[in-house]
Amino acid sequence: MKIKFLGAVEEVGRSSILVKTEKEGFLLDSGVALDHSVKFPAYVSPDEFSTLIISHCHLDHVGSAPLFFIGGAKKAFLTKMTKELSRILLLDMLKIAKTYLPFETLEINRFLQYSTEVEKDKQYEISEDTLLEMKNAGHVLGASQILLKFKDKVLLYTGDMNVNRTRTVPPANTDYNENIDVLITESTYATTEHPPRNQVEKELIEESRKIIEDGGKVLIPAFGVGRAQEIITVFHANNFPYKVALDGMAKKVTEIFMNNPEELYDYKQFARAVEKTYILQSDQERRYVAQEPGVIVTPAGMLKGGPAVKYSEEIAKGKKNAIFLVSYQVEGTPGSTLLKKKVIAMGGKLVKVNAEVKQFDFSSHSGRSDYINLIKKINPKYVFFVHGSKENIEFLFNEVQNNMKDTKAIMPKINEVYEV
Ligand SMILES: [Zn+2]
């Protein structure tokens, strides 16, 4: 088997891995990297593979999939939730990408129309001698680990993974029924030990309460898929006595969550949280909410577009207000600049923020010891590290090299072919 890494090499973004047997090729994920522009993975000819398998809906995993549906089509496999959520995120990308994209709505629709929905923990014969099984990855609704069973080898690609439960997504399923020969693991937070979720929840609730009781307002910019829904549930589950409002694309995603109760960690709790949340529809409601004390949860999580930008301009002015970040902040995004320098862009200028600014570690990825425990549990012959900074990848590489004598650790290079 040959493996070639086309992206997410020493970076978080544009995941894409080509796996080739003697007979066939499989492309695992096809993402983009979004910072100032849209960046694609390294080129792969459509002749090199027959089947595309998508781990989850985030654009750094699915953003370039429609490329393979321009004037043609591939076999594609993903879960039902990944399909529904990818549709929203891909169409949103068309709107927010300020650069030319080589595909349009037509290709996005073709991609989704041609793809096969996969149920978790079931085996699918996706080609001669190859079985596919997708297992819950815990990271976001629909996210899956990709398990490929070839004639003589088993490969596991984690996609993005979280072994810890959150308010909305059940934890990753790490019960594997077979020996795994080749592991390709994400490394996003390989050097970070996350604080316990309960503690982070308590901090957010307490700090929000303080701001409101002092007469301020709280803005929580949150990813529209997953994090926004989790945050409204956190407020409800902790009996937060003040108004919580939800705006932007997160509303549509909340509807999808409501329509798929079996996917959620605790549907009843989520449904009650939604019921108690002010889902903002009109500008009149928005104006009303902006004047009243309370919490507004809205995308984008890194303040790159979405209603969060408009709200932040207003909320930033007040000394009594707060902007609480609850999502990963990619270097160079407005959210990361806000956190580091306490400024936001307004009317083309950087303006000082008077409101309190703070970040809370609501991660949807595993933490340091989770990565190490998983690699040890699987004990593969080969392990490749992707989707992480150089520092994180080197950390895991050294851990494996120093402590696991039967496992070969590899820090892949872009476009390099590895034979296993
Ligand atoms: Zn992700």
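Owing to the predicted nature of the structure, the values given are computational and were not obtained by experimental measurement.

### Here we look at the overall build of the chain
Part 1 of the reasoning: For the chain, the helix and strand inventory stands at 12 helices and 24 strands.
Part 2 of the reasoning: In terms of C-alpha radius of gyration, the chain reaches 21 Å, essentially the compact-globule figure of 22 Å for 420 residues.
Part 3 of the reasoning: For the chain, the spread of C-alpha atoms along the principal axes amounts to about 65 × 50 × 40 Å.
Part 4 of the reasoning: Counting only residues that meet the buried cut, the chain has 47% of its 420 residues in that class.
Part 5 of the reasoning: When contacts within the chain are restricted to residue pairs at least 6 apart in sequence, those whose partners lie at least 24 apart make up 72%.

### Concerning helix α12 (residues 390-403)
Part 1 of the reasoning: Spanning 14 residues, α12 covers 20 Å between terminal C-alpha atoms, matching the ideal 20 Å at 1.5 Å per step.
Part 2 of the reasoning: Burial in α12 covers these residues: N392, I393, L396 and V400. Projected onto a plane normal to the axis of α12, the buried residues spread over an arc of 100° and lie on a single side. Seen from the open side of α12, the exposed residues pointing more than 90 degrees away from its buried face are K390, E391, N398, Q401 and N402.

### Comments concerning the sheet that holds strand β18 (residues 322-325)
Part 1 of the reasoning: Pairing is parallel in the open sheet, where six strands are placed in the order β16-β15-β17-β14-β18-β21. In this open sheet, the two edge strands, each paired with only one partner strand, are β16 (278-279) and β21 (356-359).
Part 2 of the reasoning: Two strands pair when backbone bridges link them, and strand β15 (residues 244-246) and strand β17 (residues 294-298) are joined in this way by three bridges, in the parallel orientation. Within β17, the residue paired with A245 across the bridge is I296.

### Examining the sheet that holds strand β12 (residues 154-157)
Part 1 of the reasoning: Pairing is mixed across the open sheet formed by seven strands, whose spatial order is β9-β10-β11-β12-β13-β22-β23. This sheet does not close on itself; its edge strands, each paired only once, are β9 (123-127) and β23 (408-410). If you compare each strand with its neighbour and ignore which way they point, the axes differ by 20° on average.
Part 2 of the reasoning: Note that strand β22 (residues 382-386) and β23 share three bridges and pair parallel. Opposite Y382, over in β23, you have K408 as the bridge partner.
Part 3 of the reasoning: Across the face of the sheet, helix α11 (residues 368-378) comes into contact with β12, β13 (182-186) and β22 while running at roughly 170° to β13.

Conventions used here
Residues numbered from 1 in each chain as written. Predicted model: local features only at pLDDT ≥ 70, side-chain atom pairs only at ≥ 80, totals over all residues. Helix = DSSP H or I, 4+ residues; strand = E, 2+ residues; numbered from the N terminus. Rg over C-alpha atoms; globule rule 2.2 N^0.38 Å. Buried ≥ 20, exposed ≤ 12 C-beta atoms within 10 Å, placed from the backbone. Contact = placed C-beta atoms within 7 Å. Expected span 1.5 Å × (residues − 1). Arc of directions from axis to C-beta. Pairing = 2+ DSSP bridges. Axes fitted to C-alpha atoms, helices over the stretch in contact; angles between N-to-C directions.

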